4 protein chains.
Amino acid sequence: MADLLTNMDEQLLAQRFVATRSHTEALARPLSAEDQTVQSMLEVSPTKWHRAHTAWFFETFLLIPGLDGYRPFHPDYGFLFNSYYEAIGPRFARADRGLLSRPGVEEIAEYRQHVDRAMSSLLAGPLDEPVATLVELGIQHEQQHQELLLMDIKHVLSLNPLRPAYVAIVPPLPNEAGSTTWTSHPGGLCRVGHKGQGFGFDNEFPRHQVYLEPFAIADRPVTCGEWLAFIEDDGYHRPDLWLSDGWATVTSERWECPLYWSPTGTGWSQFTLGGPTVLDPAQPVCHVSYYEADAFARWAGFRLPTEAEWEVAATDRPTNGNLLDRSVLHPSPVAGSGAGSSPYGDVWEWTSSAYSPYPGFEAVPGAVGEYNGKFMVNQYVLRGGSCATPPDHIRATYRNFFHPRARWAFTGVRMARNA
Amino acid sequence: MADLLTNMDEQLLAQRFVATRSHTEALARPLSAEDQTVQSMLEVSPTKWHRAHTAWFFETFLLIPGLDGYRPFHPDYGFLFNSYYEAIGPRFARADRGLLSRPGVEEIAEYRQHVDRAMSSLLAGPLDEPVATLVELGIQHEQQHQELLLMDIKHVLSLNPLRPAYVAIVPPLPNEAGSTTWTSHPGGLCRVGHKGQGFGFDNEFPRHQVYLEPFAIADRPVTCGEWLAFIEDDGYHRPDLWLSDGWATVTSERWECPLYWSPTGTGWSQFTLGGPTVLDPAQPVCHVSYYEADAFARWAGFRLPTEAEWEVAATDRPTNGNLLDRSVLHPSPVAGSGAGSSPYGDVWEWTSSAYSPYPGFEAVPGAVGEYNGKFMVNQYVLRGGSCATPPDHIRATYRNFFHPRARWAFTGVRMARNA
Amino acid sequence: MADLLTNMDEQLLAQRFVATRSHTEALARPLSAEDQTVQSMLEVSPTKWHRAHTAWFFETFLLIPGLDGYRPFHPDYGFLFNSYYEAIGPRFARADRGLLSRPGVEEIAEYRQHVDRAMSSLLAGPLDEPVATLVELGIQHEQQHQELLLMDIKHVLSLNPLRPAYVAIVPPLPNEAGSTTWTSHPGGLCRVGHKGQGFGFDNEFPRHQVYLEPFAIADRPVTCGEWLAFIEDDGYHRPDLWLSDGWATVTSERWECPLYWSPTGTGWSQFTLGGPTVLDPAQPVCHVSYYEADAFARWAGFRLPTEAEWEVAATDRPTNGNLLDRSVLHPSPVAGSGAGSSPYGDVWEWTSSAYSPYPGFEAVPGAVGEYNGKFMVNQYVLRGGSCATPPDHIRATYRNFFHPRARWAFTGVRMARNA
Amino acid sequence: MADLLTNMDEQLLAQRFVATRSHTEALARPLSAEDQTVQSMLEVSPTKWHRAHTAWFFETFLLIPGLDGYRPFHPDYGFLFNSYYEAIGPRFARADRGLLSRPGVEEIAEYRQHVDRAMSSLLAGPLDEPVATLVELGIQHEQQHQELLLMDIKHVLSLNPLRPAYVAIVPPLPNEAGSTTWTSHPGGLCRVGHKGQGFGFDNEFPRHQVYLEPFAIADRPVTCGEWLAFIEDDGYHRPDLWLSDGWATVTSERWECPLYWSPTGTGWSQFTLGGPTVLDPAQPVCHVSYYEADAFARWAGFRLPTEAEWEVAATDRPTNGNLLDRSVLHPSPVAGSGAGSSPYGDVWEWTSSAYSPYPGFEAVPGAVGEYNGKFMVNQYVLRGGSCATPPDHIRATYRNFFHPRARWAFTGVRMARNA
């Protein structure tokens, strides 16, 4: 029989559950029913879908199998709000999430309350370890959707000619980013991956050895000002700087700058969750694809770090940057050379590592085993979290991943070089 | 100087304006903010877009040019809510209307009120003929959008696995459709087109002569029961029955029945504005394309009428069928053979006539000249109005038109044959 | 029992068969095996496919059913070379005709000889009327493919950066086109359609009455010089001149001029079957779509003729223009005002008539009944034949048809107006 | 000044040049002009294009810059036959290579002879090292295109309903594949990459260290018989076995078996370069995608090797398997357990390694630097060569790469597992 949690651990878990759940609702609050309904592209989900899907996760993996007498809120929600779990059964097509006017935001609020009440019973205990692990997974899952909710609604609002703001954002004080400093690392045989204490996703395991050549990594991410120099040096029109698939993309998509940038008569504007603002050259560049990150690095004479290099360099640094708790919702200007600044927050940083299983990786059995492993192809690893990442969600070993053409996440760039 | 309207005529026009405007709002009332936001395919517009666009029409063609001191409600609405008027300037892409969460339903209600207040000033007169003609055009335009609003929301709701009803619909009493009777017409040189009294769209002019061979036309539309016989005789799988483009469509779209029909274990269900119901064989078949109408006619050994045949046969019949004023919102069962029944209402009837200008047709100068003429290619004429058509909107000379693959309008079939 | 042909008629038919068959081979002779293999777009078929398909027609409709002991040349050719006859069975996908390297040009030459030998037996008689009618249909069918072969190979060669010529073409002497003269017609009740003597396609029947308003028709087609004026007056960029679907096409396809025209530094070049040449302003404009023809007419202040107007005006004129027998393979310059010039040859002329069945039209029973009727939707009628049409193939009642966006046929424009 | 080659080395290089060039022509010889013209999908090039492009390589990188007085064969060939070298200038669109009927096979034979004659002058020396390196690169490049030519024509012929053979292939004697044996490796810090003696592509450098966990690798590739068991166990219909992108592909493409397999009434047939044959269960499975290879491995309870594991295991083995010199042109049946059999030949083996630059990789400056580096995204590494790979072209460090959905190369699978 599985070990039971202590009362203290149960209470802590229940508190984290409540806090996470209510944070999601707080993030949705500035949005109208109409805002919460729109799906602006295949990869984007409506806000109300995020709210329902995260409730579905707890209902499906915890309440239905684990709470005696639980009655699902609605017989069709299992079909409507399954994201991609093949083992759970058929699901509504992802591309059509924006067609669903019903259930509306009020029904979804009721659904969440229904699930929260039942979870409260379940969390009152006693809880054994496997159940607690699933609850923790559900919390982490919901935190991921908090960031997705923000990424997605930013995309939705950006396509509206009215250029509406999600919330008012106080612009940060102007700053001056100096030239980058670098931190060297001797390389050699290093250990990477999760050590096993605290929560980690399956893709962070097992901890294992890698051999690294000596390298150096920049102390801060690439700034908008540096990106402007790339643009001005015709970076978007020089095929020699680009991977072949990247060049095909930049050409067919007619990219001329990062997503959400637009030229004004005299300079550049960027669309933010606070609406349009003047581009600040000291801010980390954001909303660039892997292709752009790679091309910029080639232009600059450097390269992207591997995920192992990034992790080795970030280990032992506190996770205290510009994360979601600051509510800035936009990358903050870099101060000076970046020496001493946190590797966390502001922007996810593209690495040159394809998203692959670690040696000895094993997916968890059952439906939750679909969580990470099945996406390990055609994507690249990003590290460090962004201004939309909850601070208790990020760590040095955390592996985020996107397709190399994706730009709607808060994605940026950090340089590395051979030492 | 243009003639002025009498006080009486002004008052009548103002009353019609108010009634039409408030009817649109009544049609939107059963719908949530979420419902009013969704665009389910390219041809469908969100409900709130219809509400805003019909206001835009009055603002653009009457208030801005004609009401002293009028201030447009919002500087961007001219761009957002122009449907297709090239002469008015650029417009927001039709395919992306479902991306617009803002303005929301409340702002659009305010927009409509703003326009209504200003129109009330304008309609207080004095009004000259050209202005009154434009007001009438705006009213007719809004009536068209009332039908579009219903067609469109039916499509939106139909794609939702929850199968929600727009409103509760009382199912009609069961009925028995007998075999069709026919009315013969001697043909010869006939006159068709609008006679010039009362409102008519430009495409109904000029009245002109056509030579017709003797023909007979059925006294009622084709029923669902007859359509079932077509299905059971393998009608959707026999290429000899179909036009070549129709066969390509039926094959690529995998059509097996009219839109909104679905097989149940024991029979057929159809989705209506009242939600799913059991198929009633006595109802006129609805939501079929021109291709299907043509194939059915070939199978039945008859043909579709030309628009001239339809018009000649319908002339002098009162416009009193199952139209929008009955609030049935669905075709009503045919009683008996159909002899004596109205050619109007229930379903628009496909004719075999391509939508072309009448001899001597001239588009009105200016932007409103884009109303009809520029669509005179690749479409087929339908006649008679449907259960979603306002009764004061339809007449014998009225020419509706859709592409031959369209199925989301309330479209049905009436048989004709050579006499 | 069906009537038998006289010996004389049999011999004439056999001679026409041989002449037509050898003409096809003569048209293919300038083309390499590689040239004959390429399919440059969906609508285009490879030359060797045309050669095989026309043999297949005789094999399928005459030899297999009608010649005792006939052995089909190859068991798979029935599948490979069926164009669109659903009643004959499955067929190889049209879009993939360019994938077939086998059979090669030599096997196809053998196939044609095999069919010709067998047809020679069959044509030695005795022949009854129904068989003779099918032979005549096969000859007419092959003549249509002669024009298609030329249209198609022109498209293939035009896409090759080497700009190769099909054959050397002697450029005509320069000419000066004067301003157009017009011929008036009183209209009234007119008869159109085939009178029943000599061959006619089913779509030309039955002869019937139409009522026409008085009209005038231009004595010559629109010239390249006139088209240049349209271009220079910004005709391709003014939405008010275009049908809505036409404007969508011109925009998405980025049309700026007729197909095969290209700007040089100082003027215009056009690609012809003789390779690139300088544009001659006195030539009839060619390779324009219905959308362009319609827009030009609106710009010029006129309109396209209906097919009935065209036919009424052309009746009693000899069919002696610039047709395939002249081997010019390109429209010839117009001399003077065009008064007295032939309505036939040079370019097919778009009419404003959608391609529809005549009143009382009946398709022939069986597979050959698929010849025309099933295409009677979404297309427009063209009249008069072109420089690629065999002279014994054209007549006043002949109805050609293409989709309104098609440009690769030798299609031009003649103006009409209300009288 | 660069070092000069010895006479001996010059002669050897010239001999290799001549042998390679004439081998290409020998491979094209069984193909008709029509066969050599067809492009069956975007990734496939026509045979005659391969022949021309490999000549273009020598002309562009050696003759034009390096042979005094060299006159290019044709001014447009630089545009027509550039594959992807952005630095060389614009090029004809890859998707349209099948549109080019001209130049024909004879002109291309002349082009090759023209280039060969000029190369013969250049190779007569004296030659310095950089030039010799480019000649060697051109030879290696042409060898790659020999395999591509065979892959591509197999695809072209496979789509023809006549199922034609490229050449007659003598079917191998039947065989019995036993169960696989495995070879273990202790892992640890290993060196991989090219040692620097003999030719290597830039992507094989620099040699570097990797840390490997202990592993075992199968002694032979997966056979068709084993693949049949996967099919029979419903492998193509179980989403739990597939990567998410793989499942999307298998679903949308409706894959049910490897490319070129087709069910017969009683078993399976496969299309080969010798035409259709009965499937031999003892043959290595071929023409599977990365997605299928990965799913099979998961089903079998094993995994794919990494490219480092593959290389470490293959080092020191002679390169003597079923390669192009045997002219079998199809994978040969496995004998027994595979112990002692060559890791080379038969099928390229998918590894689980995304195609990425080695640590310290530097692309060569200039246009030839586009050879490999710019493709290092979205592809997976394959090792070992196939029955279509020239034997002097393959080695342990050789990195081939394809997109994970590609199936038209001779691609197969070898199992690995953790030790």
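Just so we're clear, the structure is a prediction, and the values are computed from it rather than from any experiment. (Residues numbered from 1 in each chain as written. Chains lettered and ligands numbered in written order. Predicted model: local features only at pLDDT ≥ 70, side-chain atom pairs only at ≥ 80, totals over all residues. Heavy atoms only, no water.)

**A few points about the overall build of chain A**
A count of helices and strands for chain A gives 9 helices and 12 strands. The C-alpha radius of gyration computed for chain A amounts to 22 Å, which stays within 12% of the reference 22 Å derived for 419 residues, consistent with globular compactness. In terms of its C-alpha atoms, chain A occupies a principal-axis envelope of roughly 65 × 55 × 40 Å. Put simply, chain A has 419 residues, and 58% of those count as buried. Here chain A contributes 32 positively and 48 negatively charged side chains, and the mean placements of these two sets differ by 1 Å. (Helix = DSSP H or I, 4+ residues; strand = E, 2+ residues; numbered from the N terminus. Rg over C-alpha atoms; globule rule 2.2 N^0.38 Å. Buried < 20%, exposed > 50% of the residue type's maximum accessible area, 1.4 Å probe, protein only. Lys, Arg positive; Asp, Glu negative; His and termini not counted. Charge placed at Lys NZ, Arg CZ, Asp CG, Glu CD.)

**What to know about the relation of the copies chain B and chain C**
Superposition of chain B onto chain C requires a rotation of 180 degrees combined with a translation of 0.0 Å along the rotation axis, giving an RMSD of 0.0 Å. Taken together, the rotation and translation relating the two chain copies correspond to the operation of a two-fold axis. Residue by residue, 100% of the interface of chain B is reproduced at the interface of chain C, so both copies engage with the same surface. (Least-squares fit on C-alpha atoms with pLDDT ≥ 70 in both. Contact = heavy atoms within 4.5 Å.)

**A closer look at the interface of chain B and chain C**
How large an interface is tends to be reported as the accessible area lost when its parts come together. With 30 residues of chain B at the interface, the matching set in chain C holds 30 residues. Carbon and sulfur atoms supply 53% of the area buried between chain B and chain C, which totals about 2,200 Å² over both sides. The three residues of chain B that bury the most area against chain C are Tyr211(B), Val377(B) and Asn378(B), which together make up 23% of that side's buried surface. In this structure, the connection of chain B to chain C is made through 0 salt bridges. (Buried area = accessible area lost by both parts, 1.4 Å probe. Salt bridge = Lys/Arg side-chain N within 4 Å of Asp/Glu carboxyl O.)

**Comments concerning the environment of Thr6(B)**
Residues and elements named next belong to chain B. Turning to its location among the elements, threonine 6 is positioned in the segment before α1 (7-28). Separated by 119 residues in sequence, threonine 6 and glycine 125 have C-alpha atoms that sit 9.5 Å apart. At 3.0 Å, the side chain of threonine 6 forms a polar contact with the backbone nitrogen of aspartate 9. (Polar contact = N/O pair within 3.5 Å; in protein donor to acceptor, adjacent residues only side chain to side chain.)

**Notes on the side chain of Gln379(C)**
Assignment of secondary structure puts Gln379(C) in the loop between β8 (348-354) and β9 (380-383). Gln379(C) sits in the buried class, given a relative accessible area of 6%.

**Focus: the interface of chain A and chain B**
Each partner contributes residues to the interface: chain A has 29 residues there, and chain B has 29 residues. With both chains or domains summed, chain A and chain B bury close to 2,300 Å², and 62% of this area falls on carbon and sulfur atoms. Counting across the interface, chain A meets chain B through 2 salt bridges. The partner of Asp35(A) in a salt bridge is Arg102(B), and the shortest N-O contact between them spans 2.7 Å. Between chain A and chain B we count 8 residue pairs in polar contact (both at pLDDT 80 or more) in total. Put simply, the parts of the chain that give the side of chain A that touches chain B at least two residues each are α3 (77-80) and α5 (129-158) of chain A. Classifying every residue of the side of chain A that touches chain B by side-chain character gives 16 nonpolar, 8 polar and 5 charged. (Nonpolar A, V, L, I, M, F, W, Y, C, P; charged D, E, K, R; others polar.)

**Looking at the nonpolar core**
If you look at soluble globular proteins, the nonpolar side chains tend to sit buried side by side. One finds Trp227(A), Met119(D) and Trp227(D) to be the most contacted residues of the largest nonpolar core, which totals 224 residues. The next biggest cluster of nonpolar side chains, apart from the first, holds 223 residues, and it includes Trp408(B), Phe410(B), Tyr77(C) and Cys387(C). (Core = buried A, V, L, I, M, F, W, Y, C linked by side-chain atoms within 4.5 Å.)

**A few points about helix α1 (residues 7-28) of chain D**
All names here are of chain D. Taking 1.5 Å as the rise per residue, α1 with 22 residues should run 32 Å; its terminal C-alpha atoms sit 32 Å apart, in good agreement. For α1, the complete set of buried residues consists of Glu10, Leu13, Phe17, Thr20, Arg21, Thr24, Glu25, Leu27 and Ala28. Contacts made by the buried residues of α1 are with α2 (47-66), α4 (105-123) and α5 (129-158). (Expected span 1.5 Å × (residues − 1).)

**Notes on the pairing of strand β8 (residues 348-354) of chain B**
Residues and elements named next belong to chain B. In terms of residue burial, β8 counts as a mostly covered element, since 6 of its 7 residues are buried. Of the strand pairs in this sheet, β8 and strand β11 (residues 411-412) are connected by 2 bridges, and their pairing is parallel. For tryptophan 348, the partnering residue across the bridge sits in β11 and is threonine 411. Of the pairings in the sheet, the one linking β8 to strand β9 (residues 380-383) comprises 3 bridges and is antiparallel in character. Paired with tryptophan 350 across the strands is leucine 382, a residue of β9. (Pairing = 2+ DSSP bridges.)

**Quick notes on the packing of helix α1 (residues 7-28) of chain A against α5(A)**
Relative orientation and spacing of two packed helices are given, respectively, by the angle between their axes and the distance between those axes. All names here are of chain A. Closest axis-to-axis distance for the α1/α5 pair is 10 Å, and the angle between their directions is 20 degrees. When the axes of α1 and α5 are compared, the pair comes out roughly parallel. Crossing geometry of α1 relative to α5 is assigned as left-handed. Touching Leu13, Arg16, Phe17, Thr20, Arg21, His23, Thr24 and Leu27 of α1 are Ala132, Val135, Glu136, Ile139, Gln140, Glu142, Gln143, Gln146, Leu149 and Leu150, all from α5. Taken together, the residues of the contact of α1 with α5 break down into 8 nonpolar, 6 polar and 4 charged. (Axes fitted to C-alpha atoms, helices over the stretch in contact; angles between N-to-C directions. Parallel < 35°, antiparallel > 145°, perpendicular 65-115°, else oblique. Left-handed = near helix turned anticlockwise from the far one by under 90°.)

**Considerations on the state of the cysteines**
Under the defined criterion, the tally for this structure stands at 0 disulfides over all chains. Between Cys387(A), a free cysteine, and Cys286(A), which holds the nearest cysteine sulfur, the sulfur-to-sulfur gap is 6.0 Å. With relative accessibility at 0%, the residue Cys387(A) sits in the buried group. The thiol sulfur of Cys190(B) is not disulfide-bonded, and the nearest other cysteine sulfur, from Cys190(C), lies at 17 Å. Given the relative accessible area of 10%, Cys190(B) is considered buried. (Disulfide = S-S within 2.5 Å.)

These figures come from the coordinates and say nothing about function on their own.
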